[in-house]
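# Fold and geometry: a report
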Number of protein chains: 2
Amino acid sequence: MQSRSPASRTGRPRSATADAAILAATREALVELGWSKLTLGDVATRAGVAKTTLYRRWAGKNELVVDAVAELFDALELPDRGSLAADIEGVVLQFATILALPEAKSGLMAVVAEATRDDALRERIRASVVDRQKRLVLEGRARAQARGELPPEPDPASSARTVDLIFDMVAGAVVHRTLVSAEPADEEWVRGFTRVLLHGLGD
Amino acid sequence: MQSRSPASRTGRPRSATADAAILAATREALVELGWSKLTLGDVATRAGVAKTTLYRRWAGKNELVVDAVAELFDALELPDRGSLAADIEGVVLQFATILALPEAKSGLMAVVAEATRDDALRERIRASVVDRQKRLVLEGRARAQARGELPPEPDPASSARTVDLIFDMVAGAVVHRTLVSAEPADEEWVRGFTRVLLHGLGD
DNA sequence: GGCTTTCGCTACGAGTCGTAGCGTAATGCC
DNA sequence: GGCATTACGCTACGACTCGTAGCGAAAGCC
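Along each chain, the written sequence defines residue order, and numbers are assigned to residues from 1. All chains are assigned letters beginning at A, and all ligands numbers beginning at 1, according to the order in which they are written. Local features in this predicted model are restricted to residues of pLDDT 70 or higher, and side-chain atom pairs are both shown and tallied only at a pLDDT of 80 or more, whereas totals for entire chains, interfaces and linings draw on every residue. Only hydrogens and water are removed before side-chain values are computed, so all heavy atoms of the structure are retained for them.

On to the domain arrangement of chain A. All names here are of chain A. Where each domain begins and ends follows an automated or database-derived domain assignment. Per the domain assignment, the segments making up chain A are domain 1 (16–57) and domain 2 (70–199). Measuring from the centre of the C-alpha atoms in domain 1 to the corresponding centre in domain 2 gives 28 Å. Contacts between domain 1 and domain 2 engage 6 residues on the former and 9 residues on the latter. Between domain 1 and domain 2, the buried area comes to about 640 Å², and carbon and sulfur atoms account for 75% of it. Throughout, the accessible surface (probe 1.4 Å) given up by two parts as they are put together, summed over both, is called the buried area. When residues of domain 1 are sorted by the area they lose upon contact with domain 2, Arg27, Leu30 and Trp35 head the list and together hold 72% of the total. We count a salt bridge whenever a side-chain nitrogen from Lys or Arg sits within 4 Å of a carboxyl oxygen from Asp or Glu. Summed over the shared surface of domain 1 and domain 2, the result is 1 salt bridge. Taking the shortest distance from any N to any O, the salt bridge between Glu71 and Arg27 comes out at 2.8 Å. Pairs of N or O atoms within 3.5 Å make up the polar contacts considered here, provided that, within protein, one atom can donate a hydrogen while the other can accept it, and that residues adjacent in sequence are counted only when both atoms are side-chain atoms. Applying the counting criterion to the domain 1 and domain 2 interface returns 1 residue pair in polar contact (both at pLDDT 80 or more). A breakdown of the residues in the side of domain 1 that touches domain 2 according to their chemical character gives 4 nonpolar, 1 polar and 1 charged. Note on definitions: a residue-residue contact is assigned when non-hydrogen atoms from the two residues lie within 4.5 Å. Throughout this entry, Asp, Glu, Lys and Arg are counted as charged residues, while Ala, Val, Leu, Ile, Met, Phe, Trp, Tyr, Cys and Pro are counted as nonpolar. The remaining residues, Gly among them, count as polar.

Quick look at the structure:
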């Protein structure tokens, strides 16, 4: 969330209810209006708060939408399904389900686009959205190595590179499938994707 | 480009010079201002044309930026490097080079985000940007099958699915690497990506 | 020359932005 | 309980952008 300086202990505290109402209203507006037609004044009205309250907490539309969308990814987890392939399929399906939500589709790509010219915004996205997924890649690999499905990584540097590569491939493919190709990343697609990811095109 | 009705053969023709100037000015403004701060009035001034001329040819910012960015992908081709791996590396590097341009980064993701709520816009992107890349996937696979590096596809339906899958994986990974991870998709990264794509994680 | 369409220019109402100012409400500290 | 401090709701504001309308002039085809 927004960083409130912990030194301030005096004065009226910020309403946590208002926070939740604003983020919910933002997602609602994303569904109904989309990114470009979403206005902060409208969000304030939907949330039942004053527009000035919004500007006290968020620097602008970008930061607000990142926080609103980030909450959607809280549900991500990696259930142990017994094999690397099954684990991958499970988590990719979860990711695809979240990304299929209209509020995620409209908002996420727009803030990513804005982040190309705003380092602070990109860092905010990384911290609140991306890292939560990258953790799943690390967990899944550790499990697979414990099962003997993947060889252990000797070199820590090359290990980090591999995680980044896998992450770009998984997240990138699902995002591209959902947003650009505009086709559902359903079970059939996820099975095919996992097969190529694990065994390559040559089979 | 924009569809001018071919029946209209009379009257003053539209200036092709103005078209080129507008698209160039759009890319210039994308570099300097980014998507959100780009205004059509500013583009018109840069291009040396009246704002009304812009609105006569494009419905709005979305369509204009799609056309401006699409021209960047005209340079894509698939040189024959002798092996499937080398072909993939070559074309992925080309794609990454284009996507690293600031005007492509700022503009492309923004219009993709807008396209989640605008079918016509998504179709415009598909026609002018995506299909040009998908053609390369088809060519590359045909070459690899001729060389015996890939098995021939018996079922046309499953063949089309595979092309779509490969395309989502390639384009998605490069886009995610460049825009979200904000790391360069350089030769080293492309080599690692190609290896996983061809042989899988289990090696 | 006449017809048609585009061009540059100006002007306009509508809408959004982000901020300032004010009085009030809610908390911690003494 | 009183005080300082901060958040809140509300209103109003100038600045900006949007997309369109109307005009006279320009450039092509018959």
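Our focus in this paragraph is the protein's contact with DNA strand C. Residues in close proximity to DNA strand C total 22 residues, the closest being Tyr55(A), Gly11(B), Thr52(B), Thr53(B) and Arg57(B). Here a residue is considered near a molecule or strand provided that any single heavy atom belonging to it is located within 4 Å of it. Here, DNA strand C places atoms within 4 Å of the protein, and 62% of those atoms are sugar or phosphate. At 2.6 Å from a phosphate oxygen of DNA strand C is found a side-chain nitrogen or oxygen belonging to Thr53(B). By definition, any uninterrupted DSSP run of H or I lasting at least four residues is a helix, any uninterrupted run of E lasting at least two residues is a strand, and each is numbered from the N terminus. Looking at the surface near DNA strand C, the elements that each hand over two or more residues are helix H2 (40–47) and helix H3 (51–57) of chain A together with helix H3 (51–57) of chain B. The element best represented in the surface near DNA strand C is H3(B), accounting for 4 residues. Taken together, the residues of the surface near DNA strand C break down into 5 nonpolar, 10 polar and 7 charged.

Within the secondary structure, Ser181(A) is located in the loop between helix H8 (156–180) and helix H9 (187–199). Assessed through its relative accessible area of 13%, Ser181(A) is described here as buried. At 2.7 Å, the side chain of Ser181(A) forms a polar contact with the side chain of Asp168(B). In this structure, Ser181(A) is in contact with His176(A), Arg126(B) and Asp168(B), ignoring residues within four places of it in sequence. Residue exposure (1.4 Å probe, protein chains only): buried if accessible area is under 20% of the type maximum, exposed if over 50%, otherwise partly exposed.

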